[in-house]
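Given next are the chains, with one letter for each unit.
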Amino acid sequence: MIAVATTTRADWGLLLPLLRELRERGHEPAVIAANMHLLPEYGNTIDEIRASGFEPVAKVPAKSDPARTLSTTIEGFTDVLRNLKPDALVLLGDRFETLGAASAALLAGVPIVHIAGGTISEGAIDDSIRHAITKLSSLHLVETEQCRHRVIQMGEDPSTVFTVGAAGVWNALNTKLMTREELAKSLGWVIPENFIVATLHPCTRSATPAPEQMENFIKGLEQSLKEFPGMGIIFTFPNNDSDPKPLIEQIKAFASRHPGQVLAVPSLGMHRYLSAVALSKGVVGNSSSGIVETASLGVPTLNVGVRQEGREAPPSVLNTPATPLGVSIGIQSMMRPVTQEQARLKFNPYFRHGTPKLMADAILKFDFHAYPRKKFYNL
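Figured I'd write up the structure that's included with this text. Just so it is clear, the structure is predicted and the values come from calculations on it, not from any experiment. (Residues numbered from 1 in each chain as written. Predicted model: local features only at pLDDT ≥ 70, side-chain atom pairs only at ≥ 80, totals over all residues. Heavy atoms only, no water.)

1. Looking at the pattern of salt bridges
Link 1 in the chain: All chains considered together, the criterion is met by 16 salt bridges.
Link 2 in the chain: Note that Arg307 and Asp126 form a salt bridge whose closest N and O atoms lie 3.5 Å from each other. In this pair, Arg307 is assigned in the loop between β12 (301-304) and β13 (317-320) and Asp126 in helix α5 (residues 126-136), connecting sequence segments 181 residues apart. As far as burial versus exposure is concerned, Arg307 and Asp126 are alike and both buried.
Link 3 in the chain: A salt bridge links Lys374 to Glu156; the nearest nitrogen and oxygen atoms lie 2.8 Å apart. Taken together, the residues span a long stretch of sequence, with Lys374 in the segment after α15 (355-365) and Glu156 in the loop between α6 (145-153) and β7 (161-163) at a distance of 218 residues. (Salt bridge = Lys/Arg side-chain N within 4 Å of Asp/Glu carboxyl O. Helix = DSSP H or I, 4+ residues; strand = E, 2+ residues; numbered from the N terminus. Buried < 20%, exposed > 50% of the residue type's maximum accessible area, 1.4 Å probe, protein only.)

2. Observations concerning the packing of helix α1 (residues 9-24) against α15
The geometry of a pair of packed helices is captured by two quantities: the angle between their axes and the separation between those axes.
Link 1 in the chain: Between α1 and α15, whose axes approach to 9 Å, the crossing angle comes to 60°. Looking at the two axes, α1 sits oblique to α15. Regarding α1 and α15, the two cross each other, and that crossing is right-handed. Residue-level inspection shows Pro17, Leu18, Glu21 and Leu22 of α1 in contact with α15, the latter providing Pro356, Lys357, Met359, Ala360, Ile363 and Leu364.
Link 2 in the chain: In terms of residue class, the contact of α1 with α15 is made up of eight nonpolar, no polar and two charged. (Axes fitted to C-alpha atoms, helices over the stretch in contact; angles between N-to-C directions. Parallel < 35°, antiparallel > 145°, perpendicular 65-115°, else oblique. Left-handed = near helix turned anticlockwise from the far one by under 90°. Contact = heavy atoms within 4.5 Å. Nonpolar A, V, L, I, M, F, W, Y, C, P; charged D, E, K, R; others polar.)

3. A look at the packing of aromatic side chains
Link 1 in the chain: Inspection of every chain in the model, using the stated rule, returns four aromatic pairs.
Link 2 in the chain: Note on Trp12 and Phe54: the rings are 6.0 Å apart at their centroids and 75° apart in plane angle, and the pair reads as edge-to-face. With Trp12 in helix α1 and Phe54 in the loop between α2 (46-51) and β3 (58-60), this residue pair connects regions lying 42 residues apart in the sequence.
Link 3 in the chain: With a relative accessible area of 2%, Phe54 lands in the buried category.
Link 4 in the chain: For the pair Phe366 and Phe368, a centre-to-centre distance of 4.9 Å together with 55° between the ring planes defines the contact as tilted. (Phe/Tyr/Trp six-rings, centres within 6.5 Å; stacked < 30°, edge-to-face > 60°.)

4. Remarks on the sheet that holds strand β8 (residues 195-199)
Link 1 in the chain: Spatially, β10-β9-β8-β11-β12-β13 is the arrangement adopted by the six strands of the open sheet, whose pairing is parallel. Two strands close off the open sheet at either side, each with one partner strand: β10 (262-265) and β13. With direction set aside, neighbouring strand axes in the sheet form an average angle of 20°.
Link 2 in the chain: Where strand β9 (residues 232-236) meets β10, four bridges bridge the pair, whose relative direction is parallel. Bridge assignment links Ile234 to a residue of β10, and that residue is Leu263.
Link 3 in the chain: Seen against the sheet, helix α11 (residues 269-279) touches β8, β9, β10 and β11 (283-285) and runs at an angle of roughly 135° to β8. (Pairing = 2+ DSSP bridges.)

5. Brief notes about the nonpolar core
Link 1 in the chain: Counting 28 residues, the largest nonpolar core has Leu18, Val90, Val113, Ile115, Leu141 and Ile363 as its most contacted members.
Link 2 in the chain: Breaking this core down by element, the ones donating at least two residues are β1 (2-6), α1, β2 (30-34), α2, β4 (88-92), β5 (112-115), β6 (139-142) and α15.
Link 3 in the chain: Top contributing element to this core by residue count: α1, with six residues.
Link 4 in the chain: The contacts of Ile115, once residues within four sequence positions are left out, are Leu15, Leu18, Val90, Leu91, Leu92, Gly93, Leu141 and Met359. (Core = buried A, V, L, I, M, F, W, Y, C linked by side-chain atoms within 4.5 Å.)

Now the structure itself:
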């Protein structure tokens, strides 16, 4: 049995193609839902898991802050893994609760399959967490050749590291997207002719408090609304790397000041998110999705601040400081016809043919052993 842990709206959409591929091959994955999926303020996204045709076999709840959630996750996954006794646990990315699941698997002797290791995001603690999970894992499914070289550089056996591309890119290219009319009906919002999609997560390696980060971001967006009359913004809520409540209140207040022009949404879900991005003039903020999959939808990204610093990026990504002026000037650059035209070329270093198949091939062919031993690979 292959167990799969999902902790947020973001990783669920990325894991779904693999889960469907495993199911088609006769291997029913055991889905474990944790953290943000169980929080009402984030839209109870466990419902998205069920709507996709997968019923979680277990749930591991979150606590009030990252440190306590990490502790609770270790305890919760320890119990779940002892009961399930899976052959392997699939983990994606770099969240703090994902580290908790990896720690529990290590102590329970369950081999770990790690997706999306070897990437860089220097402005967030995720960067260190991602590398830590790499060292706890037995099988590595990375997004690019550059990522593969980094994982091997960390002492991982090259025979356990497979370049499979990014699942988000596969989703972008293989999901039947909603029309403008369908999206508007789903959102209950009259979509402006020109709009952007905004998301700002806390930059956890910044001395600037998260509420101040959000304040600067919103000031830049408000300036852009003055510069582009009639432009709309779909603003999705941040993750809970820090206390999300004041940040959500700031977003709601911003939306209330601009009724009909700014829409605040806890979670769009994969289908609506990809559809919204494809119809938009671009993505603004600091989410990895803006760097990884947005290029394959033919729209540009304005990457704000240092959260994603060091991450391999396509030419459709522009970078700007996390200041009000940086955001407003960056949006001006993003809206230029030459920027829009370049983005329509859809060049993306994260693309590989048949990503879900490549992932499933690597997992189903791998010889998993309980309490796996690892040798350090010397370059």
